[in-house]
Amino acid sequence: MNAIKLLLMLFLISLIFGTIACVSHAQQSVYAQMGGQPKVEEVVENFIEEIEFDRVIFEYFKDTDVDRFREKLIEHVCYLTGGQCEYTGDAMVRVHAGMDITETDFNRGVDLFINAMNKAQIPHPIQNKVLAILAKTRKEIIYL
Ligand code: HEM
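Definitions and limits used
Along each chain, numbering runs from 1 in the same order as the chain's sequence is written. Residue-level local features of this predicted model are given only where pLDDT is at least 70; pairs of side-chain atoms are given and counted only at 80 or more, and the full residue set underlies all totals for whole chains, interfaces and linings. The side-chain quantities take in all heavy atoms of the structure and omit both hydrogens and water. Numbering of helices and strands starts at the N terminus; helices are DSSP runs of H or I of at least 4 residues and strands are runs of E of at least 2. For each residue, the accessible area found with a 1.4 Å probe, counting protein chains only, is set against the maximum for its type, and the residue is called buried under 20%, exposed over 50%, and partly exposed in between. Here, two residues are considered to be in contact whenever any of their heavy atoms come within 4.5 Å of each other. Only the protein chains shown count as cover for residues, with accessible areas throughout obtained via the Shrake-Rupley method and a probe of 1.4 Å. UniProt positions are given in the numbering used here, feature names are shortened, and annotations may be inferred rather than shown by experiment. Two aromatic rings from Phe, Tyr or Trp, using only the six-membered ring of Trp, form a pair when their centres are within 6.5 Å; if the ring planes differ by under 30 degrees the pair is stacked, by over 60 it is edge-to-face, and anything between is tilted. Every helix has an expected span of 1.5 Å times one less than the residues it contains. Whether a residue is near a molecule or strand depends on its heavy atoms: if one lies within 4 Å, it is near. N or O atoms closer than or at 3.5 Å make up a polar contact, with two conditions inside protein: a donor-capable atom paired with an acceptor-capable one, and, for residues adjacent in sequence, both atoms drawn from side chains. In this classification, Asp, Glu, Lys and Arg are treated as charged, Ala, Val, Leu, Ile, Met, Phe, Trp, Tyr, Cys and Pro as nonpolar, and every other residue, Gly included, as polar. Residues grouped as a nonpolar core are buried Ala, Val, Leu, Ile, Met, Phe, Trp, Tyr and Cys residues, joined through side-chain atoms within 4.5 Å. Salt bridge, as used here, is a side-chain nitrogen of Lys or Arg placed within 4 Å of a carboxyl oxygen of Asp or Glu.

The name an unreviewed UniProt entry assigns to the protein chain is Hemoglobin, from the organism Paraglaciecola mesophila KMM 241.

(A) Spotlight on the overall build of the protein chain. Check the secondary structure of the protein chain and you find eight helices and zero strands. In the protein chain, the succession of helices and strands from N to C terminus is α-α-α-α-α-α-α-α. Looking at the protein chain as a whole, 33% of its 144 residues qualify as buried. A fraction of 69% describes how many contacts in the protein chain between residues 6 or more apart in sequence connect residues 24 or more apart. When the accessible surface of the protein chain is summed, it comes to about 9,400 Å², and 60% of that surface belongs to carbon and sulfur atoms.

(B) Fine view of unusual backbone geometry. Phi is positive for Asp100, close to 50 degrees, though the residue is something other than glycine. On the secondary structure map, Asp100 appears in the loop between α6 (92–96) and α7 (103–119). One non-glycine residue, Gln121, lies in positive phi territory at about 55 degrees. By secondary structure assignment, the location of Gln121 is in the loop between α7 and α8 (124–135).

(C) The UniProt feature "binding site: heme" (unreviewed entry) in the protein chain, seen in detail. UniProt feature "binding site: heme" (unreviewed entry): in the numbering of this structure it lies at His96. Inspection of the secondary structure puts His96 in helix α6. Sequence-distant contacts of His96, that is, excluding residues within four places in its chain, are made with Ile101, Glu140, Ile141 and Leu144.

(D) Fine view of the packing of aromatic side chains. According to the stated counting rule, one finds two aromatic pairs in the structure shown. Each ring, one from Phe47 and one from Phe113, has its centre 5.1 Å from the other, and the planes form 70 degrees; the classification is edge-to-face. Separated by 66 residues along the polypeptide, Phe47 in helix α3 (residues 36–52) and Phe113 in helix α7 bring together distant segments of the chain. Classification of Phe47 as buried rests on a relative accessible area of 10%.

(E) How the structure looks around α3. Helix length check: α3, at 17 residues, gives a terminal C-alpha distance of 25 Å against a target of 24 Å (1.5 Å per residue), a fit within 8%. By the burial criterion, the buried members of α3 are Gly36, Val40, Val43, Val44, Asn46, Phe47, Ile48, Glu50 and Ile51. Buried residues in α3 make contact with α2 (30–34), α4 (55–61), α5 (66–80) and α7.

(F) Region of the structure containing the site of the ligand. Around the ligand lies a shell of 22 residues, among which Thr64, Arg68, Asp90, His96 and Ile141 are the nearest. Within the side chain of Thr64, one N or O atom sits 2.9 Å away from an oxygen atom of the ligand. Counting residues per element, the shell around the ligand draws most heavily on α5, which supplies five residues. The class makeup of the residues in the shell around the ligand is 13 nonpolar, five polar and four charged.

(G) Examining the nonpolar core more closely. Ranked by internal contacts, the top residues of the largest apolar core, which has 26 residues, are Val43, Phe47 and Phe113. Only α2, α3, α5, α7 and α8 provide two or more residues apiece to this core. The leading source of residues in this core is α3, at six residues. Discounting chain neighbours no more than four positions away, the residues touching Phe113 are Val43, Phe47, Val77, Val130 and Leu134. In terms of nonpolar packing, the next biggest core, distinct from the first, is built from five residues, Met92, Ile101, Phe106 and Ile141 among them.

(H) How the structure looks around the pattern of salt bridges. In this structure the tally under the stated criterion is nine salt bridges. Linking Arg70 and Glu45 is a salt bridge whose minimum nitrogen-to-oxygen distance equals 2.7 Å. Taken together, the positions of Arg70 in helix α5 and Glu45 in helix α3 put the pair 25 residues apart, joining distant regions of the chain. The residue Lys119 makes a salt bridge to Glu50 at a minimum N-O spacing of 2.7 Å.

Now the structure itself:
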């Protein structure tokens, strides 16, 4: 077999494997792409730490039961991103009603979540998918 044929074969093989990898990634849930349960837990833990150190956002959480928040947020992120979890917390509107969270503070909360994902080394294309999902909950959270 001459060198050109060999190169062509190698090219076709890499094309086939590349396509398979791409298709299987597309079929995976965002939850799986994040790294599953350990990564969701790591992100939520980092997020709680971020909240503790943010003067503005912590103000909302100062009377919160952190253990319950951790548990429910892990379930919620898992459920929203397509993991096999049941969310057993309260509805978003009910939870955030009366807090009067402004759009600015909502965005600030999202920034803290991005910091949490960065610390957990979630790749940016996957972070964008998670953020697109979280953004959908916006209407159930702000100005209530
Ligand atoms: C991406 C947007 C958000 C999501 C997906 C989200 C989700 C949740 C979840 C799952 C809970 C736990 C519910 C339960 O205990 O049953 C919760 C609680 C809470 N959230 Fe959010 N949240 C978001 C944004 C925010 C923002 C921006 C703030 C404030 C600036 C906020 C303030 C709170 C507070 C204070 C609690 C605890 C309530 C309590 O102590 O009972 N959330 N949130």
